Every structure is written in structure tokens, then in C-alpha cells.
Amino acid sequence: RPQLVTMIGPAGIGKSRLAWELFKYVDGLPEDTYWHQGRSPSFGNGLALWSVAEMVRRRAGIAETDEAPKSRMKLRTALAEYIPDEDERRWMEPWLAGLLGLDEVPGGDRSEMFAALRTLFQHVATRDQTVLVFEDLHWADEGTLEFITELLDRSQHHPILVVTLARPELLERHPGWG
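Residues numbered from 1 in each chain as written. Predicted model: local features only at pLDDT ≥ 70, side-chain atom pairs only at ≥ 80, totals over all residues. Heavy atoms only, no water.

Considerations on the sheet that holds strand β1 (residues 3-8)
Across the sheet, four strands lie side by side as β1-β4-β3-β2; this open sheet has parallel pairing. Because the sheet does not close on itself, it has two edges, and the strands there are β1 and β2 (33-39). When the angles between neighbouring strand axes are averaged without regard to direction, this sheet yields 15°. Seen against the sheet, helix α2 (residues 50-60) touches β2 and β3 (129-135) and runs at an angle of roughly 140° to β2. (Pairing = 2+ DSSP bridges. Helix = DSSP H or I, 4+ residues; strand = E, 2+ residues; numbered from the N terminus. Axes fitted to C-alpha atoms, helices over the stretch in contact; angles between N-to-C directions. Contact = heavy atoms within 4.5 Å.)

Dropping the structure here:
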């Protein structure tokens, strides 16, 4: 089942170091663990779901310098690897391509984007335990916070660990976080 761990503390206290230590620990385990990590930028205006897009980009092996056609091919290859159903892949691809800036985001509400992302991470988690680390969550857009909440609520049978690192400002914005 999914779990949420939130580390809150002032800048420089070592939150990122603890996440790095967790990564090194997990890397030494005999079981596979699918590690995803993304950071919310401090200049976050207009960068909805930036940290989640970083996770998807890395899972697909897409470099920031890759041209759009190469990135689309890598995204299709990753979806084929993790999503066994072709119809599901066809439904998800436009949403994920839109998130990565490879295409326009399809019309519709944000719940479709969330569903595509959630489906990807749930399928990854069916292979083995999955970790999503959200750094600088205090700078995250509202969509990222909503996505994390929805992922945890709707992934009750998936081994997903969500680790969020934030400064105390997160609790000022969202006093009931976690």
C-alpha cells in the first residue's frame, strides 16, 4: 500500500542528504526499487507538475537535450515497457507528451492528466516497490500537491512510497498536509 513520509525543516538542515542516504540504502537492497525524483523550482509560476514531469522524463530516459521526435520515441518505448495494454498506452501518451512539452496538452480537465500519471506509476509499482521523492515541495504548484494526494488515495494496493521534502512554509500554505 502507499505511504507518505514528509520531512520538513529549514533550508540547509539536510533534507536532501537524508533523501540521498535513502537512495543509497535502497540501491543496496537485493529487491528492485523504482526510484523517481523531481524538484519544484523556486521560479515555479506557470510550471505546473514540474517535479512530476522530471520523474516521467527520467523513467522514459529522455534527456533535456533530446529533440522532440527522439523524446516521443523514448516515451513510447517506456510506455510499451510498463503498460501492457495498447489501448491504455494510446490513451496515456498524449497526456504524458503534453506534460513533457512534446505536444499540446489534450483538452479536458486535470483529472485525466492525473489519471494518466497515476496509471503509469501504478504499473511501475506492479513490478516492484516504487519511490517518488518530491524535493522543495514548499515551492510546488497546487496541481502537484493535489496529484500527490490523489496518487496516495487511489493507489491503495500498490507499493508506492512518496517522500516529500519541504521547508516549514509548506505547512503555512497547507496546514493539514500529510
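Some remarks on the packing of aromatic side chains
A ring pair, where both rings are aromatic, is described by two values, the distance of the centres and the angle of the planes. Counted by the stated rule, this structure contains four aromatic pairs. Both rings, one in Y34 and one in Y82, keep their centres 6.2 Å apart while their planes meet at 90°; by these two values the pair is edge-to-face. Of this pair, Y34 sits in strand β2 while Y82 sits in helix α3 (residues 68-82), placing them 48 residues apart in sequence. As far as burial versus exposure is concerned, Y34 and Y82 are alike and both buried. Here the aromatic residues F114, F121 and F147 are joined through ring pairs into a cluster of three or more. (Phe/Tyr/Trp six-rings, centres within 6.5 Å; stacked < 30°, edge-to-face > 60°. Buried < 20%, exposed > 50% of the residue type's maximum accessible area, 1.4 Å probe, protein only.)

A look at the nonpolar core
Judged by nonpolar contacts, the single largest core of 42 residues is most densely connected at L75, L117, L120 and L137. Among the secondary structure elements, those contributing two or more residues to this core are α2, α3, α4 (86-99), α5 (110-127), β3, α6 (142-153) and β4 (160-166). With eight residues, the single largest contributor to this core is α5. Apart from residues no more than four positions distant in its own chain, L75 is found in contact with V56, A60, I62, E93, L96, A97, L100 and L102. One finds W35, V131, V163 and L165 within the second-largest nonpolar core, a separate group that totals eight residues. (Core = buried A, V, L, I, M, F, W, Y, C linked by side-chain atoms within 4.5 Å.)

What to know about unusual backbone geometry
Although it is not a glycine, D136 adopts a positive phi angle of roughly 55°. Looking at the secondary structure, you find D136 in the loop between β3 and α6. You can call D136 buried: its relative accessible area is 14%.

Observations regarding the packing of α4 against α5
At their nearest, the axes of α4 and α5 sit 9 Å apart, and the two run at 110° to each other. Classified by the angle their axes make, α4 and α5 are roughly perpendicular. The handedness of the crossing between α4 and α5 comes out as left-handed. Each of E88, W91, M92, W95, L96 and L99 in α4 lies in contact with α5, whose residues at this interface are E112, M113, A115, A116, L117, T119, L120 and H123. The class makeup of the residues in the contact of α4 with α5 is ten nonpolar, two polar and two charged. (Parallel < 35°, antiparallel > 145°, perpendicular 65-115°, else oblique. Left-handed = near helix turned anticlockwise from the far one by under 90°. Nonpolar A, V, L, I, M, F, W, Y, C, P; charged D, E, K, R; others polar.)

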